[in-house]
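Geometric and topological summary
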Amino acid sequence: MSKREIKIGNNFIGDSYPVFVIAEIGINHNGSVELAKKLIVGAKAAGCNAVKFQKRTPEICVPKDQWNIERDTPWGRMTYIDYRYKVEFGEDEYSEIDSFCKSLGIIWFASCWDEPSVNFIESFNPPLYKMASAIITDNDLLLRYKKLNKPVIISTGMSTMEEIHNAVNILGTENLLIAHATSSYPCKNEELNLMVIQTLRNLYPDTPVGYSGHETGLAPSLAAVTIGASFVERHITLDRAMWGTDQAASVEITGFNRLVRDIRDIEVALGDGIKKVYESEIAARAKLRKIKSENGVLK
């Protein structure tokens, strides 16, 4: 019998455990550690298990033909490569984030888009990593993650089943988690295709499968839990109207409070699947059940 579970620090992610809730800060901090801290505090207060950042080496991840394209930013007009550096945290910022998360007792990790970024984040010894949808076809990066011998979430947005199978074959399933996702920001409900969660669960019976949502609203993320998502990730923001490409597909802190609360309610309500008569039903049963056998069982 398969055992679909992965240990993350002191937590387990899997079918028989509470849903692991991830608040993705990503680059919604807009280059500000103080803003990042506010998001971490909000995620912790909402009951999230972890926060996630993104780490890139801009000269590797940004195509050269885009480096000098100018754009308006909160810091004025600048080239795209300069902007990418502006929103990247370095050693000082991540050291501060690492200490802050430890003081609050919340896990932090990152999706690293290139090998130098993996090497950098690994210096902080996070308990897991994530591969963003855009890079799960990078076989060299997959192999670098495999060498870490740590849990890795692969996100499956913008990916074919063949590409997903290739990533799984390279990484193996021992430390693997898979996140169903659609890479539109925000995503239309008709493109969420939540039943792919069931497809992935059936294809990979030993692998925890979760959901990384980019829709507006909370209902689809809650629905994902009811069909078997072991973990749920949503972007977190202080204000969806803030400047930044991911803000509109993010959840504000009050929304995260509702999301975690409703996930926990769903977990309780789903029960164990064994039909029973509850103590709270006995009085109504005695009063309203018309046809009974001698031992009280319906004839």
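Worth saying up front: this structure is predicted, and the values here are computed from it rather than measured. (Residues numbered from 1 in each chain as written. Predicted model: local features only at pLDDT ≥ 70, side-chain atom pairs only at ≥ 80, totals over all residues. Heavy atoms only, no water.)

Take the packing of helix α6 (residues 139–148) against helix α7 (residues 161–171) next. Running from N to C, α6 and α7 cross one another at 35°; their axes reach a closest spacing of 9 Å. For the crossing formed where α6 meets α7, the hand is right-handed. Contacts from Asn139, Leu142, Leu143, Tyr145 and Lys146 of α6 reach α7 at Asn166, Ala167, Ile170 and Leu171. Its residues placed into classes, the contact of α6 with α7 shows six nonpolar, two polar and one charged. (Axes fitted to C-alpha atoms, helices over the stretch in contact; angles between N-to-C directions. Helix = DSSP H or I, 4+ residues; strand = E, 2+ residues; numbered from the N terminus. Left-handed = near helix turned anticlockwise from the far one by under 90°. Contact = heavy atoms within 4.5 Å. Nonpolar A, V, L, I, M, F, W, Y, C, P; charged D, E, K, R; others polar.)

Counted at 1.5 Å a residue, the expected span for helix α10 (residues 253–270) with its 18 residues is 26 Å, and the 26 Å between its end C-alpha atoms agrees. Within the span of α10, buried status applies to Gly255, Phe256, Leu259, Val260, Ile263 and Ile266. Within α10, the buried residues cover an arc of 135° as seen down the axis, which keeps them to one side. In α10, those exposed residues whose orientation departs by more than 90 degrees from the buried face are Thr254, Val268 and Ala269. For α10, the secondary structure elements touched by its buried residues are β3 (20–26), α1 (33–46), α9 (219–226), β12 (231–237) and β13 (251–252). Gly271 sits one or two residues past α10 and shows a positive phi near 65°. (Expected span 1.5 Å × (residues − 1). Buried < 20%, exposed > 50% of the residue type's maximum accessible area, 1.4 Å probe, protein only. Arc of directions from axis to C-beta.)

Between the first and last C-alpha of α1 there are 20 Å, a value that for 14 residues agrees with the 20 Å anticipated at 1.5 Å per step. Taken as a whole, α1 has its buried residues at Val33, Leu35, Ala36, Lys37, Leu39, Ile40, Gly42, Ala43 and Ala46. Among the structural elements, β3, β4 (50–55), α4 (91–104), β12 and α10 are those in contact with the buried residues of α1. For α1, the N-terminal capping position is held by Ser32, with its side-chain oxygen 3.4 Å away from the main-chain nitrogen of Glu34. (Polar contact = N/O pair within 3.5 Å; in protein donor to acceptor, adjacent residues only side chain to side chain.)

Here a ring pair, both rings aromatic, is described through the centre-centre distance and the interplanar angle of the planes. A full pass over the atoms with the stated rule returns 13 aromatic pairs. Pairing Phe12 with Tyr17 gives two aromatic rings, centres 5.0 Å apart and planes at 15°, and the pair type is stacked. Looking at Phe12, the relative accessible area reads 30%, which means it is partly exposed. A residue is classified by how much of its surface remains accessible, and Tyr17, at 27% relative accessible area, is partly exposed. Joined through ring pairs, the aromatic side chains of Phe53, Phe89, Tyr94, Trp108, Phe120 and Phe124 make up one cluster. Directly above the aromatic system of Phe120 lies the positively charged group of Lys55, at a separation of 4.8 Å from the ring centroid. Against the face of Tyr83 rests Arg71, its NZ or CZ located 4.7 Å from the ring centre. (Phe/Tyr/Trp six-rings, centres within 6.5 Å; stacked < 30°, edge-to-face > 60°. Lys NZ or Arg CZ within 6 Å of the ring centre and 35° of its normal.)

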